[in-house]
Structures are given as structure tokens and as C-alpha cells.
Amino acid sequence: MQADTNADTDAEADADADGLFVPERVAVVGATDREGSVGRAILTNLAEFDGDVVAVNPGRERVLDYPCYDDLAGVPGPVDLAVVVVPPGAVADVVRDAGEAGVPNVVVVTAGFGEAGSEGANRERELVALAEEYGITLVGPNCLGVMSTRSGLNASFGPQMALPGSVAFMSQSGAFITAVLDWARDQGFGFSDVVSLGNKAVEDETDFMRRWAQSEETNVVLAYLESIVDGRAFIDTAREVTTDTPVVAVKSGRTSAGAQAASSHTGAIAGSEAAYEAGLEQAGVLRAENVEEFFDFARALDGLPLPDSESVAVVTNAGGPGVMATDAVGDSDLEMASFADATRSALADALPANANVHNPVDVIGDADVARFCDALDTTLADPGVGAVVVVAAPTAVLDYDGLAEAVVDVQREHGKPVVASLMGGERVDAPADVLADAGVPNYFDPARAVGSLDALASYAAISERDYAPPREFADVDRERAQTVLERVTERDSNQLGVEAMELLDAYGIPTPAGGVADSPDEADSLAADLGGDVVMKVVSPDITHKSDIGGVEVGVPRAEVRDTYETLVTRARNYQPDARVLGVQVQERVDTDAGVETIVGMTRDPQFGPLLMFGLGGIFVEVLEDTTFRVAPVSTEEAAAMLDDVDAAPLLRGARGRDPVDREALRECVERLGRLVDDFPAILELDVNPLLARPASDDGDAGGALALDLRLTVDPEKL
């Protein structure tokens, strides 16, 4: 049993007021001395804990030299953290006992809950209810446990304790934690806290991210995620957290191989990966593609100052690796710095005649530490250089130990980020430790060094973001929109089409004049009101691609409207005899050649909610897939960024002699649709395709954007 201690500092107490990571007393419920048991492993791992440890197991007085009690109520004095390893059927009783005893934190290691079928799911719901009733911070169930090097706490059944550090790490996979800690120990990589999230019944990734943002001992948050419980809450919280604390995530399950078929263009294009990509970007979370990047980014973010620009210089003694670093900069969002005349002149004075004084700086293969140091010092002094990559290959005249010390000194003097790529084998180990102790990461591969700088520059931009709230539109008519959506309750299908164009009108999105006719005579009457040639489309919620079956006729003169009505209905019934044909839409004719056909769509993601899509529209949208996504609702800035994200953006700006489209009107349509799908959770999928973006007219009036077609899927139970 360890001596009682308080939290190390007032800052720690504030960041961990409930004592999850810095408890004074820990109780292991289900403790045992049986060889190979989880209860024994956790008790053994708590041997180095700074505070008290007690065991809970009825009928035992001591377990592994720890005092043992029948239940939590019998433990003298307060317990800050209870670690539960009893069978699943008994866990709820233990959590209830914890609540009655005033235990604020419970880690449920036991499995057999939501991951184990309906019975387990019921048990998990009971845990959630108990945690809410008693105000318990509950981690798990089905988790490895928690660790904190701040207090020497290893309340897990992992094989070893983490090394001390300033990076907090949470993982949805306990096995991933054990593998990472084993690797990190070899690398000398340390952590402040480690959490196995398990089933995330109560505490989830958002809660821990918020908690660690308040910890002065945590500089970076790492997250291995397989899902996100509440995407909107995650985005909102991360936007606050990442102002001061970088968050790096690896999200598994990137492919959409398991996605279900969708009934809209948007649903067919978007998978869960699109939602996570958009959500994490909007949240300001850096996305690592693999485990190597995960820790490469962490090293740079933990120890280096942020760059004041994206301009990078490379200083090297090896031409080939220097080119590799330059290529990596070209593949990133960084740029190669252009040196000032004074910098080039100083380099020319300091380096041999055959050295390269432009970027990348080649100090030549016979360079010693002094020459390397002079070049690095001169390069960092250039005001146009935001960061430097030092790339070195081993030679007989280059002392890696001396080079590492020189890099540390020069970096500290200039206060700009420097990363190193000292290439080689065992001779690099000691110099790399010197660099690491000073916060300068070293990578064998120059591309990894550049990648870490790219992450650092990305976070610098994230930390300065100004997140504007989505606009509210005073002219929207929610009651009218609700009435249109409720039409779905009057039919067998949960889909609506162009007959629901009033929905767009209700939210201020312009549509062509016209209507839906259910007879040739009504079609003729609508055409008469419109005047001139019209566009006619068959209206059927069962036919997605109307143009593929000849269900659209453009430029129909008044005299042919009745016959065209009959023709369109006949084609639809011949194509799909069981299709529900609601009539024919008659619209004013719009010159689509005078604008750009875009698409705005939405599909509802289970974690993030409404996922808004913008892209190049028309009949080839699913072939081209020139699209971008954001979680709705979107701000004016986010909507504008969507217009710029697609490959077809030059078309919108007026490429190859075309007139630029009315971007303000188009952007506003994106904003309004984002607000619509957020206001009505009953909308599961939606496509406005095409949304015609038109240029400004010659007299200066806005050309505007016009929604020409609509398709949506509605959940009647959510109306």
C-alpha cells in the first residue's frame, strides 16, 4: 500500500477535479491473487501508484498485501476511483454501490455489454442510467483501463506502464494501446495520460478531449477512433480545444465497402469516410493516415514552435536526399522558400564555390559541423523562411553528435521550427536522443520530416481560425416546409420529388415557375400561364434517372403539351410498370447553357448528422464525382470554401472565356440548404440537381442560382 498523496499541483487539481487521473485512493473491485486473472494484473500494475490502493472482494482480508473489503461502502475514507473487474452480471450492482458510496469515477474493465448482443446492450443501458443518476464519470465498459504518469497510476491490465510525457492518448482499441506503449517505450516516447475508451457508454472522445484541454501537463491529444458518438458535439468542442491544444486522430474504417445502397446521388457518392473527413477538418483535428504519421505529427507538435509561414528551406550535405525532401515539400501544402539576396550572398561567402546557395541549400558532401551550422544559421535568419529541414547523410568528416548539438543551439537561437533527417543506423541513436530532448524530432526518411512540418503548419493555421456561426435566415417559412414534408405520410413511399419544389421556395431557394399536372388539360393550362416553350418531366418517386428513360422533354411548344404529357407517362410505365406516376412537371424553359450545372445534396450520417455535398452537377454527377462535403449547417465562409474545393471551380470563376457565375447567390443557396436539412432531421437524403449557377446579367443585376430538380427521402416518424 502506498502512502497518501495529494494532487501534484493546483493546475492538475483543476484539470482533474474528480480525480480520475490523479486520485488519492483507488479501489479494485473484483481484486484477486489468482494467477493469470485481470484483477491480479491490475493490482500488480498499481504497485507504483502515488496514492492508496485497496482491494474489494467479499470474504478476504488482504489480496497481494493490499487491505481488502467486502464492498465499497466498507472502505474507510473516500475512494476517488473504482476499477471494476467483476463478471458482467454483477457490474451494475457495483456501480450502484459506487454511487451510494460517493465514488466519482468508475472504470469498467469487464466485457459483455453493448458488444455482446441484446442482453449485453441492456446491461450497458443500465450502466448509463446509474452513471447519470449518481453523477459518475464512467469509463468503458469493455476497456483496458486508464493510466496517468502524473500520479504513477496504471489502473489497467496492460503489460507495462507508459513513459512520462506531455501527450495524452485515447484509443477505442485496447490492443492498439498495448502495442503503442510497447513501441513508444523503445522510442523513448512518453505520455501524460492514456485511456482505453472501450464501449464509450458514458465518457467518450469528446469528454476526454475537453478534459485534456484544461491540463497544463498535456501539450497534444492523440486519438485512435473507430467511431464518434456525437459528431456535432465533437466538432464544436474540438474547435474550442484546438485553439490551444492540437488534436491528432487516426480513424479506422476508411473505406465504404460496407455502405448500403442509397437512393440519391449524394447518398451514392458519400460514405462514412466522407463524413469523417469533413467533420474532422471542420473540427480542426489533424488526420493522420497511418500510425507512423500519428506519432510523427505528435513529435513535431509536442516540441516545436509554430511556424509563421508555410515557406520551408532544406539544408543538406546530400544531393539525392535533398531532392527527396524538396519533392516532399511539393507534395505537401508547404512551399519552398525563396531566399533574400542577403541570404544568398551570406551563403556564398560561407560555402565552397560548388555549393548550392539556393533552396535546397547543398553544403556539399565534405561539410563538417561548422559549415552545416553556418548554413543553417544563415537560412533560419532569412525572414522569408518559416521552417527548416536538415537532411544529412553520414560521412567520415561529419560528426553526428556535434551536428545534433549545433542544430539544437541554432534552433533555440532563432525560435523557428527545425526538423532533422539524420540518415543512418546505430550512429544516429545518440544524436537523435540529443535532438529529442530539445524537442527537435529526427526521421530517417526526409519525406516524414517534411510531413511533420506540414502538420505543424496546418495546426498553426487551425489555431488562428475564426469560426463564424451559420447564418439564420429570417425569411424562411418553416411551417410551409413542414406541410410539404408531411405529404410523404399520404403515400406508400417515403420519397418526394419535383412535386415538393415548394420546400425550396419556403427556404428562399429560387426555382423556375411552373407546377405539377396530373392530366393533359392541367399541363396545357400550366403551359399557357408560363407562355413560350416549356420543360416537361415525368414525376415519379420510383424513377431516379428520368432522362435515361426519356422522361424529360425540353422546349415543348404549347401545341404539343398534351401529347407530350401522354408520351412521358407512357414511357415511365413501360420502363417500370409498378412505378408510381404522380403526373408531369411543367416548368418555364431555362437556358442551362448560360450557366454551370451544380449539385447540392445531403445524406444523414449516423455520427455527424446532415452531411452537405456540393459539386459539379447534371447527368454525370455520379461518374465525375467532383464533389466536396461539410457537416451542416455551414457558415458563409464554409459555403464559399465548398465552391472553391471542387476541381470545376475554374468554371464557376469563368474559365476559358466563360462569364463567371453569381457566386454570392450560389453560396447562399448552399447555406440555405444546409439550414434546411439541419432544421428538419426527418430529411434523410436530398438532391438538388441541377442547381444552375448563372452569370450576372449585362445590366449588373445578379444572375442568381436556380434549382431545377429535387429529390428527397423523408422519415415520416421524425416529422
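Analysis parameters
- In this convention, every chain numbers its residues from 1, walking through the sequence in written order.
- It should be noted that, the model being predicted, local features are given only for residues of pLDDT at least 70 and side-chain atom pairs only at 80 or more, the latter also being counted only at that level, while totals for whole chains, interfaces and linings use all residues.
- By convention in this description, side-chain values take in all heavy atoms of the structure and omit both hydrogens and water.
- Secondary structure elements are defined from DSSP: runs of H or I of at least 4 residues count as helices, runs of E of at least 2 residues count as strands, and each element is numbered from the N terminus.
- Exposure classes here rest on a 1.4 Å probe applied to the protein chains alone. A residue is buried below 20% of its type maximum, exposed above 50%, and partly exposed in between.
- All accessible-area figures derive from a Shrake-Rupley calculation using a 1.4 Å probe, and residue coverage is judged against the displayed protein chains alone.
- In this tally, Asp and Glu contribute negative charge and Lys and Arg positive charge; neither His nor the terminal groups of the chain are included.
- Where a charge lies is defined by one atom per residue type, namely NZ (Lys), CZ (Arg), CG (Asp) and CD (Glu).
- For this analysis, a ring pair means two rings from Phe, Tyr or Trp (six-membered ring only for Trp) whose centres lie within 6.5 Å, classed as stacked if their planes differ by under 30 degrees, edge-to-face if by over 60, and tilted for the remaining angles.
- Note on patches: the residues involved have over 30% relative accessible area and no salt bridge, like charges join within 9 Å, and the nonpolar side chains Val, Leu, Ile, Met, Phe, Trp and Tyr join within 5 Å.
- In what follows, salt bridge is the name for a side-chain nitrogen of Lys or Arg lying within 4 Å of a carboxyl oxygen of Asp or Glu.
- DSSP-based pairing: two strands are paired if at least 2 bridges between them are found.
- Fitted lines through C-alpha atoms give the axes, limited to the stretch in contact for helices. The angle between two N-to-C directions lies from 0 to 180 degrees.
- Contacts between residues were defined by any pair of non-hydrogen atoms, one from each residue, lying within 4.5 Å.
- In predicted models, pLDDT denotes the confidence assigned by the predictor to each residue on a 0 to 100 scale.
- Here the nonpolar core consists of buried residues drawn from Ala, Val, Leu, Ile, Met, Phe, Trp, Tyr and Cys, with membership extended through side-chain atoms lying within 4.5 Å.
- A clockwise course of the path from the first strand over the helix to the second, judged with the strands pointing away from the viewer, identifies a crossover as right-handed.
- Note on terminology: angles under 35 degrees are roughly parallel, angles over 145 are roughly antiparallel, angles of 65 to 115 are roughly perpendicular, and the others are oblique.
- Polarity classes work like this: nonpolar for Ala, Val, Leu, Ile, Met, Phe, Trp, Tyr, Cys and Pro, charged for Asp, Glu, Lys and Arg, and polar for all others, with Gly in that last group.
- Expected span, for any helix, means 1.5 Å times one less than how many residues it has.
- Read the arc as the range of directions from the helix axis to the C-beta atoms.

Moving on: the overall build of the protein chain. Scanning the protein chain from terminus to terminus reveals 24 helices and 30 strands. Principal-axis analysis of the C-alpha atoms places the extent of the protein chain at approximately 95 × 85 × 40 Å. A buried classification covers 55% of the 719 residues belonging to the protein chain. Here the protein chain has roughly 29200 Å² of accessible surface; of this, 45% comes from carbon and sulfur atoms. Distance from the positive charge centre (51 side chains) to the negative charge centre (127 side chains) of the protein chain: 5 Å.

Scanning the entire structure with this criterion turns up 14 aromatic pairs. Judged by centre distance (6.0 Å) and plane angle (25°), the rings of Phe21 and Trp212 are stacked. Residue Phe21 is found in the loop between helix H1 (10–15) and strand E1 (25–29), and its partner Trp212 is found in helix H6 (residues 205–213); the two are separated by 191 residues along the sequence. In this structure Phe21 comes out as buried when scored by relative accessible area, which is 0%.

Here we come to a negative patch on the surface. A cluster of like negative charges, contributed by Asp70, Asp71, Asp97, Glu100 and Glu133, occupies part of the molecular surface. Examined against the element boundaries, Asp70 turns out to sit in the loop between strand E4 (66–69) and strand E5 (81–84).

If you walk across this open sheet you meet the four strands as E21-E24-E22-E23, and the pairing is antiparallel. Looking at strand neighbours, the two that pair on one side only are strand E21 (514–517) and strand E23 (552–556), the edges of this open sheet. The mean angle between the axes of side-by-side strands here comes to 20°, regardless of whether they run parallel or antiparallel. In the packing of helix H19 (residues 520–530) onto the sheet, contacts are made with E21, strand E22 (534–539) and strand E24 (583–588), and the angle to E21 comes to roughly 170°. Relative to the sheet, helix H20 (residues 561–575) contacts E21, E22, E23 and E24, its axis offset from that of E22 by approximately 30°.

With that settled, consider the confidence of the model for the protein chain. Caution applies to low-pLDDT regions: their predicted coordinates should not be interpreted in detail. For the protein chain, per-residue confidence averages 92 on the pLDDT scale, and 94% of positions sit at 70 or higher. For the stretch residues 1–14, pLDDT sits under 50, and the model shows 28 contacts to residues farther than four places along the chain or on other chains.

A few words on the nonpolar core. Counting residues in hydrophobic clusters, the biggest one holds 83 residues, and the most contacted among them are Phe169 and Phe191. With eight residues, the single largest contributor to this core is helix H16 (residues 446–463). Not counting residues within four places of it along the chain, the set of residues in contact with Phe191 comprises Thr149, Ala162, Leu163, Pro164, Gly165, Ser166, Val167, Phe169, Val180, Leu181, Ala184 and Phe295. With 56 residues, the next largest nonpolar core counts Val63, Leu81, Ala223 and Leu225 among its residues.

What follows concerns the pairing of strand E19 (residues 418–422). With five of five residues buried, E19 is to be regarded as a mostly interior element. Side-chain alternation along E19 places Val418, Ala420 and Leu422 on one buried face and Val419 and Ser421 on a second face that is also buried. Here strand E18 (residues 387–392) pairs with E19 via five bridges, running parallel. Counterpart to Ala392 in the pairing with E19 is Leu422. For the handedness criterion, the β-α-β arrangement of E18, helix H14 (residues 400–414) and E19 is classed as right-handed.

This next bit is on the sheet that holds E4. Taken in spatial order, the seven strands line up as E3-E4-E2-E1-E5-E6-E7 in an open sheet, and their pairing is mixed. The outermost strands of the open sheet, each flanked by one partner alone, are strand E3 (62–63) and strand E7 (137–139). In terms of strand pairing, strand E6 (residues 105–108) meets E7 through three bridges, oriented parallel. Its bridge partner being in E7, Val107 is matched across the sheet by Val139.

A few words on the side chain of Gln411. By secondary structure assignment, the location of Gln411 is in helix H14. Taking the relative accessible area as the measure of exposure, Gln411 reaches 9% and is therefore buried. Sequence-distant contacts of Gln411, that is, excluding residues within four places in its chain, are made with Pro305, Leu380, Lys416, Pro417, Val418 and Val440.

Turning to the pattern of salt bridges, a few remarks are in order. A full pass over the atoms with the stated rule returns 41 salt bridges. Across the pair Asp52 and Arg25 runs a salt bridge, and its minimum N-O distance is 3.2 Å. Here Arg25 lies in strand E1 and Asp52 lies in strand E2 (residues 52–56), a separation of 27 residues in the sequence. Bridged by salt links that share partners, the residues Arg471, Asp475, Arg667, Glu668, Glu671 and Arg672 form one connected network.

Topologically, Arg371 is positioned in helix H13 (residues 369–381). The exposure class of Arg371 is buried, given its relative accessible area of 16%. Among residues more than four places away in sequence, those in contact with Arg371 are Leu351, Pro352, Val363, Ile364 and Asp366.

Glancing now at unusual backbone geometry. Excluding glycine, a negative phi dihedral is what most residues carry, and trans is how most peptide bonds are arranged. For the peptide bond that leads from Gly140 to Pro141, omega is -5°, which places it in the cis range. Within the fold, Pro141 resides in the loop between E7 and strand E8 (145–148). The residue after Asn689, namely Pro690, is reached through a cis peptide bond having omega 0°. Examined against the element boundaries, Pro690 turns out to sit in strand E28 (residues 683–693).

Quick look at the packing of helix H12 (residues 341–350) against H13 now. At a minimum axis distance of 10 Å, the contact between H12 and H13 shows a crossing angle of 170°. In terms of axis orientation, H12 runs roughly antiparallel to H13. Contact residues: H12 offers Thr343, Ala346, Leu347 and Ala350, while H13 offers Asp374, Ala375, Thr378 and Thr379. Across the contact of H12 with H13, the residue classes break down as four nonpolar, three polar and one charged.

Glancing now at the pairing of E4. Both E2 and E4 contribute to a ladder of two bridges, which runs parallel. Following the sheet pairing, Val56 is matched in E4 by Tyr69. With antiparallel pairing between neighbouring strands as the criterion, E3 and E4 make up a hairpin whose turn holds two residues, including Leu64 at a positive phi of roughly 50°.

A separate point is the environment of Gln214. Residue position: Gln214 is located in the loop between H6 and strand E12 (220–225). By relative accessible area, which is 54% here, Gln214 ends up exposed.

With 13 residues, helix H11 (residues 319–331) should cover 18 Å at 1.5 Å per step; its first-to-last C-alpha distance of 18 Å lies within 8% of that length. Looking at H11, one finds that the buried residues are Pro321, Gly322, Ala325, Ala328 and Val329. Down the axis of H11, the sector holding all buried residues measures 115°, keeping them to one side. Structural note: H11 exposes Gly330 and Asp331 on the side pointing more than 90 degrees away from its buried face.

The subject of this paragraph is the environment of Val586. Within the element layout of this structure, Val586 appears in strand E24. Val586 sits in the buried class, given a relative accessible area of 0%. For the pair Val586 and Gly514, spaced 72 residues apart in sequence, the C-alpha to C-alpha distance is 5.5 Å.

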